[in-house]
Amino acid sequence: MPRSNAIGSEHARFVTLARAVREAIGQDHRYAHTLGVARLAARLARRHDEDPARARLAGMLHDLARLYSSERLLAECAARAMAIDAFEARHPIVLHARLGAELARERFGVIDDGVLQAIARHTVAAPDMTRLDTIVYLADALEPGRTYAERETFEALAFVDLDAAMVAVLRSSLDYLAKRDLEAAPQTLAALSTLELRRSRRSA
Ligand SMILES: [Fe+2]
Ligand SMILES: [Fe+2]
């Protein structure tokens, strides 16, 4: 197939995906966030030698279950026999990430485990994130529709050093939770301490 046709059909596939995602999400604000995440994830992937198409796909599908109520999240996870840990039981909202990965597989036919894992980890992170996981996590936290003081600085840092940006974003969100006396997920704390340990070993 000539290159222009290949690009044309890729674009047509993206337009079809975007329409289906918009319909599945059903809210303009959340859809605009989704597009922002997909675009930033693709740019970060290009910069850090990851596949921009996989990053963009994970970005497009990361928040499919974000607007579900706690009851619906718990019920849909139970219907799929997904294990729910103590933190998730106390804060069902975080389940939208793992359930979102299931919906990406069931409804959008995604079979790429790396993409599904990046979706599943975009909210509480994990101690052993792949580069794709990190890119999607950062794109979610840093897309231009987010409005907080450090966003632009963190975004610039993400184009230079993914791990450094991850440390900065994790510290900032843990700070935010601590100031409001809110509980942090054990996976988020583990993600930060693993990264800090790795970085201190590197600089030793
Ligand atoms: Fe989310
Ligand atoms: Fe999101």
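Remember, predicted model here, so these are calculated numbers, not experimental data. (Residues numbered from 1 in each chain as written. Chains lettered and ligands numbered in written order. Predicted model: local features only at pLDDT ≥ 70, side-chain atom pairs only at ≥ 80, totals over all residues.)

A.B. asks: Pulling in residues and values, what's your account of the overall build of the protein chain?
C.D. replies: Assigned secondary structure in the protein chain consists of 11 helices and zero strands. Scanning the protein chain from its N terminus toward the C terminus, one meets helices and strands in the order α-α-α-α-α-α-α-α-α-α-α. Computed over its C-alpha atoms, the radius of gyration of the protein chain comes to 17 Å, within 12% of the 17 Å expected for a compact globule of 204 residues. Summarising its shape, the C-alpha atoms of the protein chain cover approximately 50 × 40 × 30 Å along the three principal directions. Taken across its 204 residues, the protein chain has 35% of its residues classed as buried. (Helix = DSSP H or I, 4+ residues; strand = E, 2+ residues; numbered from the N terminus. Rg over C-alpha atoms; globule rule 2.2 N^0.38 Å. Buried ≥ 20, exposed ≤ 12 C-beta atoms within 10 Å, placed from the backbone.)

A.B. asks: Break down helix H8 (residues 131-142) for me, citing the residues and quoting the values.
C.D. replies: Compared with an ideal rise of 1.5 Å per residue, which puts 12 residues at 16 Å, H8 spans 16 Å between its outermost C-alpha atoms and is within 8% of the ideal. Counting buried residues in H8 gives 11 out of 12 residues, a clear majority hidden from the surface. Turning to H8, its buried residues are Leu132, Asp133, Thr134, Ile135, Val136, Tyr137, Leu138, Ala139, Asp140, Ala141 and Leu142. Here the buried face of H8 lies against helix H2 (28-47), helix H3 (52-61), helix H7 (113-120), helix H9 (151-160) and helix H10 (162-179). (Expected span 1.5 Å × (residues − 1). Contact = placed C-beta atoms within 7 Å.)

A.B. asks: I'd love a proper account of the packing of H8 against H10, names of residues and values included.
C.D. replies: Packing of H8 against H10 brings their axes to within 10 Å, and their N-to-C directions diverge by 45°. The orientation of H8 relative to H10 falls into the category oblique. In the packing of H8 onto H10, the handedness of the crossing is left-handed. Between H8 and H10, the contacting residues are Arg131, Thr134, Ile135, Leu138 and Ala141 on the first element and Leu162, Ala165, Met166 and Val169 on the second. In terms of residue class, the contact of H8 with H10 is built from seven nonpolar, one polar and one charged. (Axes fitted to C-alpha atoms, helices over the stretch in contact; angles between N-to-C directions. Parallel < 35°, antiparallel > 145°, perpendicular 65-115°, else oblique. Left-handed = near helix turned anticlockwise from the far one by under 90°. Nonpolar A, V, L, I, M, F, W, Y, C, P; charged D, E, K, R; others polar.)

A.B. asks: Please give an account of the nonpolar core that cites residues and values.
C.D. replies: Membership of the largest hydrophobic core comes to 50 residues, with the highest contact counts inside it found for Ala41, Ala58, Ile135 and Leu138. Looking at this core, the element that brings in the most residues is H8, giving eight residues. Those residues in contact with Ile135 that lie beyond four places of it in its chain are Ala41, Leu44, Ala45, His48, Glu50, Ala55 and Leu162. (Core = buried A, V, L, I, M, F, W, Y, C linked by C-beta atoms within 7 Å.)

A.B. asks: Outline unusual backbone geometry, supporting the account with residue identities and numerical values.
C.D. replies: A positive phi angle, near 55°, is found at Ala81, a position not held by glycine. Overall, the presence of 6 C-beta atoms within 10 Å leaves Ala81 in the exposed class. The residue Ala125 is not glycine, and still its phi comes out positive at about 65°. Examined against the element boundaries, Ala125 turns out to sit in the loop between H7 and H8. The exposure class of Ala125 is buried, given the 25 C-beta atoms found within 10 Å.

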